[in-house]
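Descriptive analysis of the structure
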Amino acid sequence: MTKITELLDRLAPFPAMDFSEWGEVEITPTTRYQKLTGQFLGRNWVGIPHVTHNDEVDVTEAEANRRAWNADNPEEKITPVAMAAKALVEVLRQFPMFNASLSEDGDALILKRYFNIGIAVDTPNGLLVPVIHGCNTQTTAEIAASMAILAEKARDKGLSMAEMSGSSITVSSLGHIGGTSFTPIINSPDVAIVGLTKLIERPVRGADDAPEWRLFLPVSLSYDHRVINGADAARFVVALGKALNDKALFA
């Protein structure tokens, strides 16, 4: 059987080009973080059979609950990503194969009994993924506070490997920028990553056929097809929508 490394060796190399032939250019070195991130993401994309499931979940109640909380608790404001991290604890309990990793030889599935959520952070030096450990033992407000501390550290000082290790699943959010869907790359050794984009407000058919405006959150779930099948991915996103609208997130 041909090894994957042999298959890759047979591919044509990327061409070496002198772009200054076509006009003025400027050369800036890549940062250490960019190099490391590129190596890891390249490995994960090539080595993991990715599938991305795209859906929209109704978060009208979730957003109403979040805004009410923030109005009553201005010193403990909750972000949509913190809500997603807390909601994922419940969803991972329902779908334990998403809270797992493949063994190095691929012969075993390691099911995790902890709930640590990675949060992708855009920094001036590149993408970093701090991990919020023990999300099942923290309130949503505490998760939001932990996220703020780690995100600030990621942008200002960088993070240690310990602060970026041990995740159950990762969340990557572009909601503060825009977009309707994307294909997030799995943060190995996780087997799935949740991508979130900007909230969409649209009318749906309400009582007596009257239009009712609702808020929808686009969700892009990339998963390792060696571990997870498409039906479970679809159920996972539906369950995430239900968990986000649960008032228990604010207990």
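Residues numbered from 1 in each chain as written. Predicted model: local features only at pLDDT ≥ 70, side-chain atom pairs only at ≥ 80, totals over all residues. Heavy atoms only, no water.

Here we look at the environment of valine 91
Quick reminder of the rule: Secondary structure follows DSSP: runs of H or I at least 4 residues long count as helices, runs of E at least 2 residues long count as strands, and numbering of each begins at the N terminus. Classification of residues uses two cut-offs on accessible area relative to the type maximum, computed with a 1.4 Å probe and protein chains only: under 20% is buried, over 50% is exposed, and between them is partly exposed.
Position of valine 91 among the secondary structure elements: in helix α4 (residues 80–94). The class for valine 91 is buried, based on a relative accessible area of 0%. It is 17 Å that separates the C-alpha atoms of valine 91 and valine 227, two residues lying 136 residues apart in sequence.

Description of the UniProt feature "domain: 2-oxoacid dehydrogenase acyltransferase catalytic" (unreviewed entry) in the chain
We count it as follows: UniProt positions are given in the numbering used here, feature names are shortened, and annotations may be inferred rather than shown by experiment.
The residues that UniProt annotates with the feature "domain: 2-oxoacid dehydrogenase acyltransferase catalytic" (unreviewed entry) are residues 26–247. Across residues 26–247, the secondary structure splits into 34% helix and 25% strand, with the terminal C-alpha atoms separated by 53 Å.

Let's talk about the side chain of lysine 112
Stated precisely, the cut-off is as follows: Charge convention: Lys and Arg are scored as positive, Asp and Glu as negative, and His as well as the terminal groups of each chain are ignored. Any carboxyl oxygen of Asp or Glu within 4 Å of a side-chain nitrogen of Lys or Arg constitutes a salt bridge here. Polar contact is defined as a pair of N or O atoms within 3.5 Å, subject to the rule that within protein one atom must be able to donate a hydrogen and the other to accept it, and that residues adjacent in sequence are counted only when both atoms are side-chain atoms. Should any heavy atoms of two residues lie within 4.5 Å, those residues are counted as being in contact.
Residue position: lysine 112 is located in the loop between β3 (109–111) and β4 (117–119). Although lysine 112 is buried, it forms no salt bridge, and the closest oppositely charged side chain is aspartate 190 at an N-O distance of 4.1 Å. For lysine 112, the side chain forms a polar contact with the side chain of serine 101, separated by 2.9 Å. Aside from chain neighbours lying at most four places away, what touches lysine 112 is Asn99, Ala100, Ser101, Ser167, Ser168, Pro189 and Asp190.

Here we look at helix α6 (residues 230–244)
The condition that has to hold: Helix span, expected: 1.5 Å multiplied by one less than the number of residues in the helix.
A rise of 1.5 Å per residue sets the reference length of α6, with its 15 residues, at 21 Å; its end C-alpha atoms lie 21 Å apart and thus fit the reference within 8%. For α6, every residue scored as buried is listed here: Asp232, Ala233, Phe236, Val237, Ala239, Leu240, Gly241, Ala243 and Leu244. Buried residues along α6 sit in contact with β1 (50–58), α3 (60–72), α4, β8 (169–173), β9 (192–196) and β11 (211–224). Where α6 begins, the side chain of asparagine 229 points an oxygen toward the backbone nitrogen of alanine 231, at a separation of 3.3 Å.

Concerning the pairing of β8
For clarity, the cut-off: Two strands make a pair as long as DSSP finds a minimum of two bridges between them.
The element β8 is largely enclosed, with a buried count of four among its five residues. Two strands pair when backbone bridges link them, and β4 and β8 are joined in this way by three bridges, in the parallel orientation. Following the sheet pairing, isoleucine 119 is matched in β8 by valine 171. Of the strand pairs in this sheet, β8 and β9 are connected by four bridges, and their pairing is parallel. For threonine 170, the partnering residue across the bridge sits in β9 and is isoleucine 193.

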